[in-house]
Amino acid sequence: MSIYEYSVPTTDGGELSLKDFEGKVMLIVNTATGCGFTPQYKPLEEMYEKYHEKGLEIIDIPCNQFMGQAPGTDEEIHEFCTLKYNTQFPRMKKSDVNGENALPLYDYLKEQQGFKGFGMSVKGMAMKAMIKKIYDSTFLKSSAIKWNFTKFLVDRQGNVVARFEPPEDMEKVEAAVAALL
């Protein structure tokens, strides 16, 4: 299958077809409003403003699967993001990214770009230690989304070319996005 065969539920009860973004670079992010990584909304919005006219689309999919860090309604999440971070990129309906109720898109993304670790930064090592305390030992070996603000980068041809874990430096994410534009 191609990424363009997937769609994601919108907050108004509809579906957004990723085919609408064919020929564009996409950054697909599972987000949460009450997470330590929530401030990543700021550099995400800055990237969107800087590169949107060059072909970047950011797709925000709120998820409440990680310690209940996105507890609000879709409307409350949208209000928080627009008021606190002035986000303008599309925000979808809150959805699961792991498990039996995961969006089919996320099954595809995880198949295309599995988990490769959190890296050796202080934040990466802290994430690994935290995940080990919360989940069983096999979770770190799976392709499952480990936490909020995991990002998947899709090129203009629809290839899922990178997966960035939450502690990844946002400058590195931006550099990868810019290289595809």
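Structure first, text after, so check above.
Residues numbered from 1 in each chain as written. Predicted model: local features only at pLDDT ≥ 70, side-chain atom pairs only at ≥ 80, totals over all residues. Heavy atoms only, no water.

Q: Explanation requested: the overall build of the chain in the structure shown.
A: When you go through the chain residue by residue, the secondary structure sums to five helices and six strands. Overall, the chain shows an N-to-C arrangement of helices and strands of β-β-β-α-β-α-α-α-β-β-α. Taking 16 Å as the expected radius of gyration for a compact globule of 181 residues, we find that the chain reaches 15 Å, a close match to that expectation. Each of the three principal axes of the chain carries a C-alpha extent, and together these read 40 × 35 × 30 Å. Looking at the chain as a whole, 50% of its 181 residues are labelled buried. Partitioning the contacts of the chain with sequence separation of at least 6, the portion at a separation of at least 24 is 69%. Working note: accessible area of the chain is about 8800 Å², and carbon and sulfur atoms make up 51% of it. (Helix = DSSP H or I, 4+ residues; strand = E, 2+ residues; numbered from the N terminus. Rg over C-alpha atoms; globule rule 2.2 N^0.38 Å. Buried < 20%, exposed > 50% of the residue type's maximum accessible area, 1.4 Å probe, protein only. Contact = heavy atoms within 4.5 Å. Areas by Shrake-Rupley, 256 points an atom, 1.4 Å probe, with all protein chains shown as cover.)

Q: Any chance you could explain the pairing of strand S6 (residues 160-164) here in plain terms?
A: In regular strands, side chains alternate between the two faces of the sheet. Summarising burial for S6: four of the five residues are buried, a large majority. Both strand S5 (residues 151-154) and S6 contribute to a ladder of four bridges, which runs antiparallel. Considered in S6, the bridge of Val 154 is made with Val 160. (Pairing = 2+ DSSP bridges.)

Q: Can you walk me through helix H1 (residues 41-51) in this structure?
A: In an α-helix, one turn spans 3.6 residues, which is why side chains three or four residues apart end up on the same side. All of the buried residues along H1 are Tyr 41, Leu 44, Glu 45, Met 47, Tyr 48 and Tyr 51. Summarising the axial view, the buried residues of H1 lie within an arc of 160°, below the 170-degree limit, and thus occupy one face. Exposed and facing more than 90 degrees away from the buried side of H1 are Glu 49 and Lys 50. In the core, the buried residues of H1 are packed alongside strand S3 (25-31), strand S4 (56-62), helix H2 (74-85) and helix H5 (170-180). (Arc of directions from axis to C-beta.)

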